[in-house]
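Summary of the model geometry
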Amino acid sequence: MRVIAKKALRDFWDFYPESKVSLQEWYAEAETSKWDNPNCIKLRYHSASFLKDNRVVFNICGNKFRLIVKINYAYGVVYIRFIGTHSDYNRINAEII
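Read on for an overview of the structure.

Time to look at the overall build of the protein. When you go through the protein residue by residue, the secondary structure sums to 4 helices and 5 strands. In terms of overall dimensions, the protein is globule-like: its C-alpha atoms have a radius of gyration of 12 Å, near the 13 Å expected for 97 residues. By the burial criterion, 38% of the 97 residues in the protein qualify as buried. Counting contacts in the protein only where the partners sit at least 6 residues apart, residues at least 24 apart contribute 42% of the total.

Now the structure itself:
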């Protein structure tokens, strides 16, 4: 998969250094994966939540942080839509961000 944009992850882990290893691992795995559909993701990320419009919520750092991506399965592209703490996550609408 092609992940757009890694800069959002880097900016986040610069601010929250404890998230760096988990986000780097997620990024490396996403880049080398071929997610054809939500089931492919669920096999690896059991706690992932699936929202409308091909959005997926990943729990990062033992659920300390939330990562929302939008996936274009046909083109193999993952768009970073949000990364934040739980309190940040609670202030957004995950289905439209």
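The subject of this paragraph is the environment of Leu 23. Examined against the element boundaries, Leu 23 turns out to sit in helix α2 (residues 20-32). With relative accessibility at 0%, the residue Leu 23 sits in the buried group. Once the C-alpha coordinates of Leu 23 and Phe 65 are considered, the two residues, 42 residues apart in sequence, prove to be 9.9 Å apart.

Turning to the pairing of strand β3 (residues 55-60), a few remarks are in order. Where burial is concerned, most of β3 is hidden: 5 out of the 6 residues are buried. Two elements, strand β2 (residues 49-51) and β3, share 3 bridges in a ladder whose sense is antiparallel. Within β3, the residue paired with Leu 51 across the bridge is Arg 55. Connecting β2 to the antiparallel partner β3 that follows it, the hairpin turn spans 3 residues, and Asp 53 within it adopts a positive phi of roughly 60°. In this sheet, strand β4 (residues 65-72) lies alongside β3 in antiparallel orientation, the contact comprising 6 bridges. Each residue of the ladder has a partner; that of Val 57, found in β4, is Ile 68. In this structure, the hairpin formed by β3 and β4 is closed by a connection of 4 residues, where Cys 61 is found at a positive phi of approximately 60°.

The next point concerns the packing of aromatic side chains. Under the criterion given, the structure shown has 10 aromatic pairs. Where Phe 12 meets Phe 65, the ring centres are 5.2 Å apart and the plane angle is 85°; that geometry is what we call edge-to-face. Within this pair, whereas Phe 12 is found in helix α1 (residues 6-15), its partner Phe 65 is found in strand β4, the two being separated by 53 residues in sequence. Across this residue pair, the class does not change: Phe 12 and Phe 65 are buried. Where Trp 35 meets Phe 58, the ring centres are 6.1 Å apart and the plane angle is 25°; that geometry is what we call stacked. A residue pair is termed long-range when its members are at least 10 positions apart, and Trp 35 in the loop between α2 and α3 (38-44) and Phe 58 in strand β3 qualify at 23 residues. Taken as a pair, Trp 35 and Phe 58 share a single burial class, namely buried. Put simply, the rings of Phe 12, Phe 15, Tyr 16 and Phe 65 touch in pairs and so form one group of aromatic residues. The residue whose ring lies beneath Arg 44 is Tyr 45, and the NZ or CZ to ring-centre distance is 4.7 Å. Over the aromatic face of Tyr 89 sits the side chain of Arg 66, whose NZ or CZ is 4.6 Å from the ring centroid.

The rules behind the values
- Residues numbered from 1 in each chain as written.
- Predicted model: local features only at pLDDT ≥ 70, side-chain atom pairs only at ≥ 80, totals over all residues.
- Heavy atoms only, no water.
- Helix = DSSP H or I, 4+ residues; strand = E, 2+ residues; numbered from the N terminus.
- Rg over C-alpha atoms; globule rule 2.2 N^0.38 Å.
- Buried < 20%, exposed > 50% of the residue type's maximum accessible area, 1.4 Å probe, protein only.
- Contact = heavy atoms within 4.5 Å.
- Pairing = 2+ DSSP bridges.
- Phe/Tyr/Trp six-rings, centres within 6.5 Å; stacked < 30°, edge-to-face > 60°.
- Lys NZ or Arg CZ within 6 Å of the ring centre and 35° of its normal.

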